[in-house]
Amino acid sequence: GHSRLPPDENRHAESLRHCNPEEEIFIIGGESVYKQAMDLANRIYLTRVEDSTKEADAFFPIIDEKIWKEKSREAHSIDEKHLYPYIFIDYQKDI
């Protein structure tokens, strides 16, 4: 018979079942991959680049502050290696 692939969310969950539960798993996106994986995640390591001069056409999903709590924030200024200021933000699922 002919079988269909499960929806992307199910494929992500199935892939995670094959991972060592003791290891931290990282999901590196694109926008649609991040959206599909948000329900599976329990932590977000976000880098926010402060660059308003470029027009963006893809975005990280909105982080619901009822579900995600900011645990740390580390701001970095422009320097010899970075053209734009940026912030590392660590979120943890709070449910």
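Each remark here, short or long, concerns the structure printed above.
Residues numbered from 1 in each chain as written. Predicted model: local features only at pLDDT ≥ 70, side-chain atom pairs only at ≥ 80, totals over all residues. Heavy atoms only, no water.

**Some words on the nonpolar core**
Counting residues in each nonpolar core, the largest one holds 9 residues, listed as M38, A41, I44, L46, I63, W68, I87, I89 and Y91. Elements supplying a minimum of two residues to this core: β1 (43-49) and β3 (86-93). Ranked by the residues each element gives to this core, the list is headed by β3, at 3 residues. Non-local contacts of I87, meaning those with residues more than four positions away in its chain, are made with L46, T47, R48, E50, R73, E74 and A75. (Core = buried A, V, L, I, M, F, W, Y, C linked by side-chain atoms within 4.5 Å. Buried < 20%, exposed > 50% of the residue type's maximum accessible area, 1.4 Å probe, protein only. Helix = DSSP H or I, 4+ residues; strand = E, 2+ residues; numbered from the N terminus. Contact = heavy atoms within 4.5 Å.)

**Remarks on the environment of H18**
You can see H18 is positioned in the loop between α1 (8-17) and α2 (31-37). The exposure class assigned to H18 is exposed, which follows from its relative accessible area of 63%. Separated by 3.0 Å, the side chains of H18 and E14 make a polar contact. (Polar contact = N/O pair within 3.5 Å; in protein donor to acceptor, adjacent residues only side chain to side chain.)

**A word on a nonpolar patch on the surface**
Together, F26, I28 and Y45 make up a nonpolar patch on the protein surface, roughly 380 Å² of accessible area in all. In this structure, I28 sits in the loop between α1 and α2. (Patch = residues over 30% accessible without salt bridge, like charges linked within 9 Å, V, L, I, M, F, W, Y side chains within 5 Å. Areas by Shrake-Rupley, 256 points an atom, 1.4 Å probe, with all protein chains shown as cover. Salt bridge = Lys/Arg side-chain N within 4 Å of Asp/Glu carboxyl O.)

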